[in-house]
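# Survey of secondary and tertiary structure
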Amino acid sequence: FNVGHTISNLMVGGYLAANVSPKSVLSWGVVVWSLFTLLTPVAAATTWLPALLLVRALMGLGEGVAFPTMQAIMKGWVPVDKRSRSLSLIYSGHQIGSILSLLMSPFIISTLDVSTLFYFYGALGFLWLSVWDPMVSPYPPSSTQAPAPVISNGSSSGGGSPESAAMLSSNSISAYGTISVMKGSSLMSSPSKGETPPAAKMAVSHLRDLPWRLFLSNKCFWALLMAHSTFGIGYNMLIAWLPTYYNQEFKVDLRGSSLLSILPWLMMALGTNASGWCADALINSKLLSTTKTRKLLQMVGNLGPGLCLMYLALAPQRGALFEAVLMLSLSMMTLGMQAGGFASTHTDISTRYASALFGITNAGASLAGSLFVYGVGLILDHTHAWSLIFQLVAICNFVSAIMYFSLATSELQFD
C-alpha cells in the first residue's frame, strides 16, 4: 500500500492536479482505491501473495492522489481568507474516519467476517463519489479570487503584507479557469469559445519540467519536507502501533484497545479544526503575518507531541493507563495544530505548483512513516522498549520545529 501511495504522491497526484482538473484527478483516484479495496478479499482468496501485494499497491496508488488534489481544490475553490479552516476541516476527515473505523471494524469482523469489511469500505467510496461528483464542476469559480491590491514596484500598498501581494500576483487564484461550482449557475463565467483555458497556459507539459532544481535549492521546501516527514512518522507510528502499545503495556484486549485509541484521534480532529480557525483569525485580523501564524501553529504542533512523548518515555510513573491515554491524547491534539502550520504553507508559497509540492512532501511523509513503522517492529522484537520509540519520535519533532522556525516562510516562492 505505502509503495503505491508514495509513487502516486510523487509522480501522479501532484503532477496531474497541476495540469488537469483536480476534481477529475480526485474522482478517478476514488474509483481506483475503492475498486481495489473491493478486490482485496478476492486477491487474498487466491492465496497467491504477489496478487494481494499488487492489489494493495494499486489501492495505495489511487489513494495517494487525494491530498495533492485537495491542495489544488482549496487553492481554486476556496477564498483565501477561509482557506486554513477549510484545509483543516478536510484534514480532520482523516481522523474522523479513523474513529469510525475503530468503532465499526471490530463489530463487522466479529459479526460477519474480514472480507465484508473490505466490501463495505470499498462500496462507501463509490457511494461518496456518486453524491460529490455531480455537485462540483470540473473547474473552480472566479469568486475565490480575493480583491486585487494596488501594487507598485512589486509590493503591495495600503499596509498589505508582501505575502498577500505575492499570493495575488497572477490574475486568477487558480490555473484552471473560471467555471461555476454549481452547474447551471449564471453568476460565474467560463472561458469563452476558442479561448485558451488558463490551465493550458500554465500546465507543465512533462513531470521533468517541474522546477526541481529550484525546489531543491529552496530552504522553505526543505523545512516543509522535514515537517511533513516528521508528521508522517508520528501519525503512522500511532495509527499502526497504538492498539499494540495498549495491549503490551497494559494488557488491554483488541476491542478495549480500539476504544481507547478513539480518544487521541478525536482530540486530533478537534486540534486540527481549531488550528485552521486560529490561523484564519490571526491572519484576517492582521494580528500576525501569515508567516508568523504558520510558525506559531507549527511550533505548537511539534513541541506539544515532542514533550508529551518524551514525558511518556522518561517519567517514572509511566505505567498508569490513564496517564498514557492523557499524554497520547494531548500529543495528538497538538499534532493536529500542524494543519494551520506546514500543511497550509504549500498553498501560500505557490499558485501553480501547490499540488505538486504537496505531493512531493507527502511522498516523503509516506516513505518516512512506512520505514519508521517497520523500524518500530524491529525495535520491539529486539528490545520491547516503547520508551526508545517515543524518544525517537520526540527528537524528530524537536528537529522539525527548529528547521521550520528557521527556514520556513509564507511568501511566494515558486511562480
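Residues numbered from 1 in each chain as written. Predicted model: local features only at pLDDT ≥ 70, side-chain atom pairs only at ≥ 80, totals over all residues. Heavy atoms only, no water.

## Topic: the overall build of the protein
- Along the protein, the regular secondary structure elements total 16 helices and two strands.
- A burial count over the protein gives 51% of its 415 residues as buried.
- Taking contacts inside the protein between residues at least 6 apart in sequence as the whole, the part at least 24 apart equals 81%.
- Total accessible area on the protein is roughly 18700 Å²; 70% of this is exposed by carbon and sulfur atoms. (Helix = DSSP H or I, 4+ residues; strand = E, 2+ residues; numbered from the N terminus. Buried < 20%, exposed > 50% of the residue type's maximum accessible area, 1.4 Å probe, protein only. Contact = heavy atoms within 4.5 Å. Areas by Shrake-Rupley, 256 points an atom, 1.4 Å probe, with all protein chains shown as cover.)

## What about empty space enclosed by the protein?
- Counting across every chain of the model gives two cavities of 30 Å³ or more.
- Taken as a whole, the second largest cavity spans an internal volume of roughly 40 Å³.
- Surrounding the second largest cavity, G234, L238, P305, L309, S331, M332, L335, V393 and N397 form its lining.
- Looking at the lining of the second largest cavity, the elements that each hand over two or more residues are helix 10 (219-250), helix 12 (290-314), helix 13 (321-335) and helix 16 (386-407).
- Sorting elements by how many residues they give to the lining of the second largest cavity places helix 13 first, with three residues.
- Split by residue class, the lining of the second largest cavity holds six nonpolar, three polar and no charged. (1 Å grid on protein atoms, 1.4 Å probe; cavity = no way out; pocket = protein on both sides within 12 Å on 5 of 7 lines; lining within 4 Å. Points joined across faces, edges and corners; volume = space filled by probe spheres on them. Nonpolar A, V, L, I, M, F, W, Y, C, P; charged D, E, K, R; others polar.)

## Brief notes about a nonpolar patch on the surface
- Nonpolar side chains collect at one region of the surface, where L35, L39, V42, Y119 and F126 lie side by side and expose about 400 Å² of accessible area between them.
- Taken together, the elements giving at least two residues each to the nonpolar patch come down to helix 2 (22-45) and helix 6 (114-132).
- When residues of the nonpolar patch are assigned to their parent elements, the largest contribution, three residues, is made by helix 2.
- Within the secondary structure, Y119 sits in helix 6. (Patch = residues over 30% accessible without salt bridge, like charges linked within 9 Å, V, L, I, M, F, W, Y side chains within 5 Å. Salt bridge = Lys/Arg side-chain N within 4 Å of Asp/Glu carboxyl O.)

## Structural notes on helix 13
- Here helix 13 spans 21 Å end to end across 15 residues, near enough to the 21 Å set by a 1.5 Å rise per residue.
- Here helix 13 has its buried residues at E323, A324, V325, M327, L328, S329, S331, M332, T334 and L335. (Expected span 1.5 Å × (residues − 1).)

## Here's the deal with the environment of W265
- You can see W265 is positioned in helix 11 (residues 254-284).
- The spacing of W265 and S329 is 64 residues in sequence and 7.5 Å in space, taken between C-alpha atoms.
- With near-sequence residues (within four places) excluded, W265 lies in contact with Q95, S98, I99, L102, Y235, L238, I239 and M332.

## So, the packing of aromatic side chains
- One pass over the structure, following the stated rule, counts 18 aromatic pairs.
- Residues F215 and F221 carry aromatic rings whose centres are separated by 6.1 Å and whose planes lie at 15° to one another, so their mutual orientation is stacked.
- With a relative accessible area of 3%, F221 lands in the buried category.
- Note on F221 and W222: the rings are 5.5 Å apart at their centroids and 80° apart in plane angle, and the pair reads as edge-to-face. (Phe/Tyr/Trp six-rings, centres within 6.5 Å; stacked < 30°, edge-to-face > 60°.)

## Some thoughts on the packing of helix 2 against helix 6
- Relative to each other, helix 2 and helix 6 sit at 160°, their axes nearing to 8 Å. One finds that helix 2 runs roughly antiparallel with respect to helix 6. In this structure, the crossing between helix 2 and helix 6 has a hand that is left-handed. Residues K23, L26, S27, V30, V31, S34, L35, T37, L38, T40, P41 and V42 of helix 2 pack against S115, F118, Y119, Y121, G122, A123, G125, F126, W128, L129 and W132 of helix 6. (Axes fitted to C-alpha atoms, helices over the stretch in contact; angles between N-to-C directions. Parallel < 35°, antiparallel > 145°, perpendicular 65-115°, else oblique. Left-handed = near helix turned anticlockwise from the far one by under 90°.)

## Examining the confidence of the model for the protein
- Scored by pLDDT, the protein has a mean of 81; 80% of the residues are at 70 or more.
- The model gives residues 143-202 a pLDDT under 50, and that stretch makes 89 contacts with residues more than four places away or in other chains. (pLDDT = per-residue confidence, 0-100.)

## A few points about the side chain of T334
- Mapped onto the fold, T334 is located in helix 13.
- The class of T334 is buried, set by a relative accessible area of 15%.
- Once residues lying within four places of it in the same chain are set aside, the contact partners of T334 are V300, G301, G304 and P305.

## With respect to the environment of E63
- With respect to the secondary-structure elements, E63 resides in helix 3 (residues 49-63).
- Those residues in contact with E63 that lie beyond four places of it in its chain are F1, H5 and W33.

## Overview of the pattern of salt bridges
- This model, assessed by the stated rule, comprises four salt bridges.
- Between D133 and K23 there is a salt bridge, and its shortest N-O distance comes to 3.3 Å. Residue D133 is located in the loop between helix 6 and strand 1 (151-152), and its partner K23 is located in helix 2; the two are separated by 110 residues in the primary sequence.
- With a relative accessible area of 27%, D133 lands in the partly exposed category.
- Among the ionic pairs, D81 bridges to K82, the shortest N-O distance being 3.7 Å.

## Comments concerning unusual backbone geometry
- One non-glycine residue, T47, lies in positive phi territory at about 60°.
- Relative to the helices and strands, T47 is located in the loop between helix 2 and helix 3.
- Residue classification places T47 among the exposed residues on the basis of a relative accessible area of 72%.
- The phi dihedral of H384 falls on the positive side, at around 55°, and the residue is not glycine.
- Residue classification places H384 among the exposed positions, given a relative accessible area of 57%.

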